[in-house]
Amino acid sequence: MITFNGVNLTNAVPGLRIVNIKRDILPPRVVNMIDVPGRMGAYFLNVKNGVRTYTVTITITGRSLEDIRFKIRDLAEILNTDGLASLIIADEFYKTYMAIAVENTEFDEKEVLAKGSITFLIPDSVGKGATIRSNLGAAGRVHSIVNNANSPAFPIFKVDFNADAQFFSMISPDGFVLIGDPAGVTEITKKPLEMVLNDKAEDLTPWSSAGTQLDYEYAVNAGTMAVVSDTFGGGFKFKPSDYGDDAANAGKWHGPAIRRSLPSQIQDFRIELSIELRSGDLETGRIEFIFFNASNVALGKMVLWDRYPKSQLNTGHIYAGNIQDQHTLIASMGPKKYDWNQFFGKLNIRREGNQWEASIVQTDYSGRYKYGTHLYKRGFLNLFNDPIASIQVHISKYGSTPAADMSVRDIRIQRINQVLTEEVPTLFEAGDQLIIDHEKGACFLNGRIFNQHLDPASKFFKLFPGTNQVTSRTTDEVNTTIQAEFVERWI
């Protein structure tokens, strides 16, 4: 039995029978060597597995030649994929190859029987098995990780920090990864990014109604904001329970607007807003975030909205200044049109001195960036350079149109500090999650790429078949926990 692209061939095509499957013991192997003049033989360098092919011989029976042709067309529809698709063979059900049907698929047809073959090309040459997850516990010890498959696997480590740390490292016999630098006993440490506000949208007590200052001519503060459970990402989120009266707000963007002060004013800052905006037919929606100085003058805004009730089309706007004097950083529908539809992700803005940076990106539910949807812009501006003192959130819909599914899940505001050359940067703080992905060869901090702090000598490593010993090190090891994950790979 063979399942391709999720379809069992024998069930999908009545009368199809698998006669034979031609498979190899090992994929084709390319051995790289160096010839040295005057020396017998050659120097071995390495070996590389090539592209694998499996050939399946099948027969199809039918009531007539016409019936057989009909069944062959059904089979062709299943096999005709635009890219790689899953291939599972019943006697090796525990592994999945990624393959594509290629080469000659001609059939020898007779009145009630057709015989032919299908060749599947497997570029990766290995089959993927189960996803293995394990809790390694606290850092600062030797961790044993067992790979029960017969081919090396690429681990993903998820590191949760519950205290400040200057560095983190994972060391194995096959390589090591070091992010940051340990601090010596006499060295001074400093946070390049210091958390000022980490609002998890679980309590409205620090917030109050924003009144009428919405910085948008057609915006109205109406309805009620609520705290609801976040079924996708976990935790909680701000979501309107009521958008106000449609008739009274015809031709307006209306919904609840809330505002709060920051614990302290911030000169150089980074703001990360986690939101979702999923619109359906005839629905509209707008999420607006504004930050103000101590005199309640708007210094900048981040917006994501769908203003097209007949077409689902999210648009992002991020600018410095206010509605009367705005300097646009981003005004886009994404790297490609529709990239930000059904949005679950982050809006970011950063100001350091006279340099402004902005980005919009979709994420998965763990917060990791989907970099294909990432748009980043940078500009220089000697305006709107007051410290920020308060923030405002407005979630609205237009007139009587139904509201899209909208919420704010998290607001993180950090102070940017200058780290001197003689100081060691504290890269991690309580609540941070670091992901080290050895297959992608990349590190992510709270979802965004973090390779800029990777030691140049680092080498991402594999987990070989059997038991692997991996050592972790960090500043506060007791308050750092690690989880490991990898996909089994079968040769």
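Here the structure is shown first, and the text comes after it.
Here we summarise the structure given alongside this text. Predicted, not measured: the structure shown is a model, and the values here were computed from it.

What to know about the sheet that holds strand β13 (residues 156-161)
Right, so step 1: With antiparallel pairing, six strands are arranged side by side in an open sheet as β11-β39-β13-β35-β36-β37. Single-partner strands in this sheet number two, and they are β11 (127-138) and β37 (448-449).
Right, so step 2: Bridge analysis of β13 against strand β35 (residues 433-437) gives five bridges, and the strand direction is antiparallel. Residue Lys158 lies in a different strand from β35, and its bridge partner there is Ile435.

Some details on the side chain of Asp174
Right, so step 1: Looking at the secondary structure, you find Asp174 in the loop between β14 (167-172) and β15 (175-180).
Right, so step 2: On the basis of relative accessible area, Asp174 is assigned to the buried category, the value being 18%.
Right, so step 3: Only 3.0 Å separates the side chain of Asp174 from the backbone nitrogen of Lys462, close enough to count as a polar contact.
Right, so step 4: Those residues in contact with Asp174 that sit more than four places away from it in its chain are Lys459, Phe461, Lys462 and Phe464.

Let's talk about the layout of surface pockets
Right, so step 1: Counted as a void, the largest pocket has a volume near 690 Å³.
Right, so step 2: Around the largest pocket, the lining is made up of 33 residues, and of these Leu193, Arg270, Arg350, Arg448 and Gln452 lie nearest the centre.
Right, so step 3: Where the lining of the largest pocket is concerned, the elements lending two or more residues are β24 (269-278), β29 (343-352), β30 (355-362), β33 (405-416) and β37.
Right, so step 4: At four residues, the largest contribution of residues to the lining of the largest pocket is made by β29.
Right, so step 5: Here the lining of the largest pocket is built from residues that sort into 14 nonpolar, 10 polar and nine charged.
Right, so step 6: Within this model, the second largest pocket holds a volume of roughly 550 Å³.
Right, so step 7: Broken down by secondary-structure element, the contributors of at least two residues to the lining of the second largest pocket are β24, β33 and β35.
Right, so step 8: A total of three residues in the lining of the second largest pocket trace back to one element, the largest contributor, which is β33.
Right, so step 9: Residues of the lining of the second largest pocket, tallied by class, amount to four nonpolar, 11 polar and 10 charged.

Overview of the packing of aromatic side chains
Right, so step 1: Tallying each qualifying case throughout the model produces 15 aromatic pairs.
Right, so step 2: Ring geometry for Tyr94 against Trp490: centres 5.0 Å apart, planes inclined by 65 degrees, an arrangement best described as edge-to-face. Placement of Tyr94 in the loop between β7 (85-89) and β8 (97-102) and of Trp490 in strand β39 (residues 480-490) is noted, with a sequence separation of 396 residues between them.
Right, so step 3: Its end group placed over the ring of Tyr43, Arg39 keeps NZ or CZ at 4.1 Å from the ring centre.
Right, so step 4: In this arrangement the basic side chain of Arg286 is found over the ring face of Trp305, its NZ or CZ atom lying 4.4 Å from the centre.

A closer look at helix α2 (residues 65-79)
Right, so step 1: For α2, built from 15 residues, the straight-helix expectation of 21 Å at 1.5 Å per residue is met to within 8% by its first-to-last C-alpha distance of 21 Å.
Right, so step 2: Residues of α2 that are buried: Asp67, Ile68, Lys71, Ile72, Leu75, Ile78 and Leu79. Buried positions in α2, seen along its axis, are confined to an arc of 135 degrees and lie on one side of it. In α2, the exposed positions angled more than 90 degrees off the buried face are occupied by Glu66 and Glu77.

Conventions we followed
Residues numbered from 1 in each chain as written. Predicted model: local features only at pLDDT ≥ 70, side-chain atom pairs only at ≥ 80, totals over all residues. Heavy atoms only, no water. Pairing = 2+ DSSP bridges. Helix = DSSP H or I, 4+ residues; strand = E, 2+ residues; numbered from the N terminus. Buried < 20%, exposed > 50% of the residue type's maximum accessible area, 1.4 Å probe, protein only. Polar contact = N/O pair within 3.5 Å; in protein donor to acceptor, adjacent residues only side chain to side chain. Contact = heavy atoms within 4.5 Å. 1 Å grid on protein atoms, 1.4 Å probe; cavity = no way out; pocket = protein on both sides within 12 Å on 5 of 7 lines; lining within 4 Å. Points joined across faces, edges and corners; volume = space filled by probe spheres on them. Nonpolar A, V, L, I, M, F, W, Y, C, P; charged D, E, K, R; others polar. Phe/Tyr/Trp six-rings, centres within 6.5 Å; stacked < 30°, edge-to-face > 60°. Lys NZ or Arg CZ within 6 Å of the ring centre and 35° of its normal. Expected span 1.5 Å × (residues − 1). Arc of directions from axis to C-beta.

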